[in-house]
Amino acid sequence: MAKKPHEQTNRKVVADNRKARFNYEIIDTVEAGLELTGTEVKSLRAGKSMIAESYATEQGGEIYLINSFIPEYLQGNRFNHEPKRPRRLLLHKKEISKLLGAVQKDGMTLVPLKLYFNDRGWAKLELAVARGKKLHDKRETEKKRDWEREKGRLLREKG
């Protein structure tokens, strides 16, 4: 689908959506930039943000990150930002059309996985095209995880 995010050496992960891999089957990932204000960037650099309850949606031909929480910057005074405002994702037109095609045609959803600073110091969002898991799929994932944990424990004991 779209290009995979490059493996970077010194990513500073600000927010991680750990439940996304449990609740969704990840089909493809895309790296997107974020349109942020100055106080949002400063607040992110302080390491405070939450994307666990957020999602991405289309509005007017653009893709926006909805319900992500970036707290107000403490020294921001009157120029501070709104903590839960919609934030535009910076993607190429081809990437937008591919993502929207997958969402509209296949019934997928756009889920943020990680919010981080790349090597150049720019805030990036790892966005996934995902399909929601059913309850039995979640149970299967949990069984696999428990088995891997038990297998590792047994190998350490025998080792």
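Before any of the text, the structure's been laid out above.
The structure displayed is predicted, hence computed values, not measured ones.

**Section: the overall build of the chain**
And step 1. Across its full length, the chain holds 4 helices and 7 strands.
And step 2. Helices and strands in the chain line up, N terminus first, as β-α-β-α-β-β-β-α-β-β-α.
And step 3. Its C-alpha atoms put the chain at 60 × 40 × 30 Å along the principal axes.
And step 4. Within the chain, the proportion of its 159 residues that are buried is 36%.
And step 5. Here the analysis covers contacts within the chain between residues at least 6 apart in sequence; of these, 70% occur between residues at least 24 apart.
And step 6. For the chain, the accessible surface area stands at approximately 10,300 Å², while carbon and sulfur atoms represent 50% of it.
And step 7. Across the chain, the 35 positively charged side chains and the 23 negatively charged ones have centroids separated by 2 Å.

**Overview of the pattern of salt bridges**
And step 1. All told, the structure shown has 9 salt bridges when counted by the stated rule.
And step 2. Note that Glu126 and Arg11 form a salt bridge whose closest N and O atoms lie 3.7 Å from each other. Pair noted here: Glu126 is in strand β7 (residues 123-132) and Arg11 is in the segment before β1 (12-16), with a separation of 115 residues, a long-range link.
And step 3. Overall, Glu126 belongs to the buried group, its relative accessible area being 9%.
And step 4. Residue classification places Arg11 among the partly exposed positions, given a relative accessible area of 24%.
And step 5. Glu25 serves as the salt-bridge partner of Arg131, at 3.7 Å between the closest nitrogen and oxygen. Remark: Glu25 occurs in strand β2 (residues 24-34) and Arg131 occurs in strand β7; sequence separation between them is 106 residues.
And step 6. Exposure remark for Glu25: the relative accessible area of 38% places this residue in the partly exposed category.

**Considering the pairing of strand β3 (residues 55-59)**
And step 1. One ladder, built from 5 bridges, connects β3 with strand β4 (residues 62-66); its direction is antiparallel. In the strand pairing of β4, Thr57 is matched with Tyr64.
And step 2. Count of turn residues in the β3/β4 antiparallel hairpin: 2 residues, of which Gly60 carries a positive phi of about 65°.

What counts as what
Residues numbered from 1 in each chain as written. Predicted model: local features only at pLDDT ≥ 70, side-chain atom pairs only at ≥ 80, totals over all residues. Heavy atoms only, no water. Helix = DSSP H or I, 4+ residues; strand = E, 2+ residues; numbered from the N terminus. Buried < 20%, exposed > 50% of the residue type's maximum accessible area, 1.4 Å probe, protein only. Contact = heavy atoms within 4.5 Å. Areas by Shrake-Rupley, 256 points an atom, 1.4 Å probe, with all protein chains shown as cover. Lys, Arg positive; Asp, Glu negative; His and termini not counted. Charge placed at Lys NZ, Arg CZ, Asp CG, Glu CD. Salt bridge = Lys/Arg side-chain N within 4 Å of Asp/Glu carboxyl O. Pairing = 2+ DSSP bridges.

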